[in-house]
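# Structural overview
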Amino acid sequence: LLIADEPTTALDVTIQAQILDLLAELKRKESLSLLFISHDLNIVRRIADRVCVMQGGEIVEQGPVAEIFANPQHPYTRKLLAAEPTGRPDPVPEGAEEIVRTEGLRVWFPIQRGFLRKTVGHIKAVNAATLSVRAGETLGIVGESGSGKTTLALAIMRLIQAEGPVIYLGQDISRWKAGDLRRLRRDMQIVFQDPFGSLSPRMTAEEIIAEGLGVHGVEPGRNRTEMVAEIMTEVGLDPATMGRYPHEFSGGQRQRIAIARAMILRPRVVVLDEPTSALDMTVQVQIVDLLRDLQRKYGLAYLFISHDLRVVRALSHKIIVMRQGDIVESGTSDKIFERPQTDYTRELMAAAFGG
């Protein structure tokens, strides 16, 4: 018996496909029984023979995969099967201001050897990346693990060293010193992948959300608790729970806390680094809807990093495809999904959607 507990959750689509093929091969060769736990129903449909649907600690429905997917009986099962990010983001307003632009951005990490730490080569994490994102626009960044997606975003935020211009609201911030960057931090925020690891277990929800206010200051005439209550309501949390600790919230609620922590500073650009990958399908849909609502309301520019191409399609206006540090394809979301130009992009689509 092999128990596989969310074995593909943090993996990109091509690696997911390889892991699923490996599990299927092992099951066949070794005559294994496989207990596969997942919130990704497309993967369950692909790998399982039978499926059990659990809610509140109980198995509410079970049976052959084909039967459950074709004719679900329980309302919760029907809800799960209907839970897939759909729709498209609102069109970018005409004449929207450009928020961020890069021109040939490069991130190379030196490889050093010997007693004198002589540089003998480089790990080329990002090569000559040129992109732009406007107010109210989402730029999706996709590619396999190690392709440079997160490194690119961190370089744009000036959290790691890079070469090449980073233009923020018309100013090249690539050479700004730490003191100058401090005032920029309020405008650039990030939401991380793991809603469990990115929140301090020793801080209450109020302390987590308000942490940035301690650095950048509270708006004149406002108090901290009032601002926290307002943003919690906006992201769908009950302000009465602000005294609770992270372990007292569900995974989806924790990610809403992480979003509130970023949004309370009213940023102009937000990096979303795999913000839905650790969440079940129904919560993914809720988070996608929330992100679209916030973008609509505040004209936010998003850099959305994800390996879940269904979520990318629901959120992104434009997409860049990265491979081994290079941008191998870029264009509108419709163009990339309907008419991919490179074999690599087509492989990503096939791994995500089948075919």
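Look up a bit, the structure's there.
This text gives an overview of the structure that appears in the document.

### Remarks on the overall build of the protein chain
Secondary structure assignment for the protein chain yields 13 helices and 14 strands. Taken over C-alpha atoms, the radius of gyration comes to 22 Å for the protein chain, in line with the 20 Å a tight globule of 355 residues would show. Across the 355 residues that make up the protein chain, the buried fraction comes to 47%. Approximately 17,500 Å² of the protein chain is accessible, and the part contributed by carbon and sulfur atoms is 50%.

### Describing the environment of asparagine 223
Locating asparagine 223 in the fold gives a position in the loop between α7 (205-216) and α8 (224-234). By relative accessible area, asparagine 223 is classed as partly exposed at 41%. Engagement of the side chain of asparagine 223 in a polar contact is seen with the backbone nitrogen of glutamate 226, the distance being 2.7 Å.

### Observations concerning a nonpolar patch on the surface
Taken together, Leu1, Ile3, Leu35 and Ile37 make up a surface patch of nonpolar side chains, about 400 Å² in accessible area. Along the polypeptide, leucine 1 turns up in the segment before β1 (2-5).

### Focus: the nonpolar core
Core analysis: the biggest nonpolar cluster contains 51 residues, and Ile209, Ile257, Ile259, Met263, Ile264 and Tyr302 have the highest contact counts within it. Aside from chain neighbours lying at most four places away, what touches isoleucine 264 is Ile209, Leu213, Met227, Val228 and Ile231. Core analysis: the next-biggest nonpolar cluster, separate from the first, contains 32 residues, Leu105, Ala155, Trp176 and Met322 among them.

### So, the sheet that holds strand β9 (residues 171-172)
Within the open sheet, the 4 strands sit side by side as β6-β5-β8-β9. Their pairing is antiparallel. Two strands close off the open sheet at either side, each with one partner strand: β6 (118-134) and β9. Bridge count between strand β8 (residues 166-168) and β9: 2 bridges; the pairing is antiparallel. Within β9, the residue paired with isoleucine 167 across the bridge is aspartate 172. Lying on the sheet, helix α5 (residues 149-156) is in contact with β5 (98-113), β6 and β8; it crosses β5 at an angle near 115°.

### Some thoughts on the packing of helix α9 (residues 251-263) against helix α10 (residues 281-298)
For any two helices packed against each other, the geometry is given by the interaxial angle and the distance between the axes. The interhelical angle for the contact between α9 and α10, taken along N-to-C directions, is 15°, at an axis separation of 10 Å. As the angle between them shows, α9 and α10 are arranged roughly parallel. In the packing of α9 onto α10, the handedness of the crossing is right-handed. Across the interface between the two elements, Gly252, Gln255, Arg256, Ile259 and Met263 from α9 touch Val283, Gln286, Ile287, Leu290, Leu291 and Leu294 from α10. Looking at the contact of α9 with α10 residue by residue, the classes come out as 7 nonpolar, 3 polar and 1 charged.

### So, empty space enclosed by the protein
If you walk through the whole model with that rule in mind, you get 2 cavities of 30 Å³ or more. The computed volume of the largest cavity comes to approximately 40 Å³. If you go around the largest cavity, the residues you meet are Met263, Arg266, Pro267, Leu294, Tyr298 and Leu300. For the lining of the largest cavity, the per-class residue count stands at 5 nonpolar, no polar and 1 charged. Of the voids in this model, the second largest cavity is the one considered here, and its volume is about 30 Å³. Taken together, Leu2, Leu23, Leu26, Lys27, Leu32 and Leu34 make up the full set of residues lining the second largest cavity. If one sorts the elements of the lining of the second largest cavity by residue count, helix α1 (residues 13-30) sits on top with 3 residues.

### A look at unusual backbone geometry
The phi dihedral of serine 31 is positive, around 55°, even though this residue is not glycine. Looking at the element boundaries, serine 31 is found in the loop between α1 and β2 (34-37). In this structure serine 31 comes out as exposed when scored by relative accessible area, which is 64%. In this model, arginine 158 sits at a positive phi of 60°, which is unusual for a non-glycine residue. Secondary-structure assignment places arginine 158 in the loop between α5 and β8. Since its relative accessible area comes to 16%, arginine 158 is described here as buried.

### Notes on the pattern of salt bridges
This model, assessed by the stated rule, comprises 21 salt bridges. Across the pair glutamate 103 and arginine 101 runs a salt bridge whose closest N-O atoms are separated by 2.9 Å. Where salt bridges share partners, they join Arg222, Glu226, Glu230, Glu234, Arg266 and Lys297 into one cluster.

### Examining the sheet that holds strand β11 (residues 269-273)
One open sheet accounts for 6 strands, arranged β10-β11-β12-β7-β13-β14; its pairing is mixed. Here the strands that pair on one side only, and so sit at the sheet edges, are β10 (188-191) and β14 (326-332). Adjacent strand axes in the sheet meet at a mean angle of 20° when their direction is disregarded. Two elements, β11 and strand β12 (residues 301-305), share 5 bridges in a ladder whose sense is parallel. Directly across from valine 269, in β12, lies its bridge partner alanine 301.

What counts and what doesn't
- Residues numbered from 1 in each chain as written.
- Predicted model: local features only at pLDDT ≥ 70, side-chain atom pairs only at ≥ 80, totals over all residues.
- Heavy atoms only, no water.
- Helix = DSSP H or I, 4+ residues; strand = E, 2+ residues; numbered from the N terminus.
- Rg over C-alpha atoms; globule rule 2.2 N^0.38 Å.
- Buried < 20%, exposed > 50% of the residue type's maximum accessible area, 1.4 Å probe, protein only.
- Areas by Shrake-Rupley, 256 points an atom, 1.4 Å probe, with all protein chains shown as cover.
- Polar contact = N/O pair within 3.5 Å; in protein donor to acceptor, adjacent residues only side chain to side chain.
- Patch = residues over 30% accessible without salt bridge, like charges linked within 9 Å, V, L, I, M, F, W, Y side chains within 5 Å.
- Salt bridge = Lys/Arg side-chain N within 4 Å of Asp/Glu carboxyl O.
- Core = buried A, V, L, I, M, F, W, Y, C linked by side-chain atoms within 4.5 Å.
- Contact = heavy atoms within 4.5 Å.
- Pairing = 2+ DSSP bridges.
- Axes fitted to C-alpha atoms, helices over the stretch in contact; angles between N-to-C directions.
- Parallel < 35°, antiparallel > 145°, perpendicular 65-115°, else oblique.
- Left-handed = near helix turned anticlockwise from the far one by under 90°.
- Nonpolar A, V, L, I, M, F, W, Y, C, P; charged D, E, K, R; others polar.
- 1 Å grid on protein atoms, 1.4 Å probe; cavity = no way out; pocket = protein on both sides within 12 Å on 5 of 7 lines; lining within 4 Å.
- Points joined across faces, edges and corners; volume = space filled by probe spheres on them.

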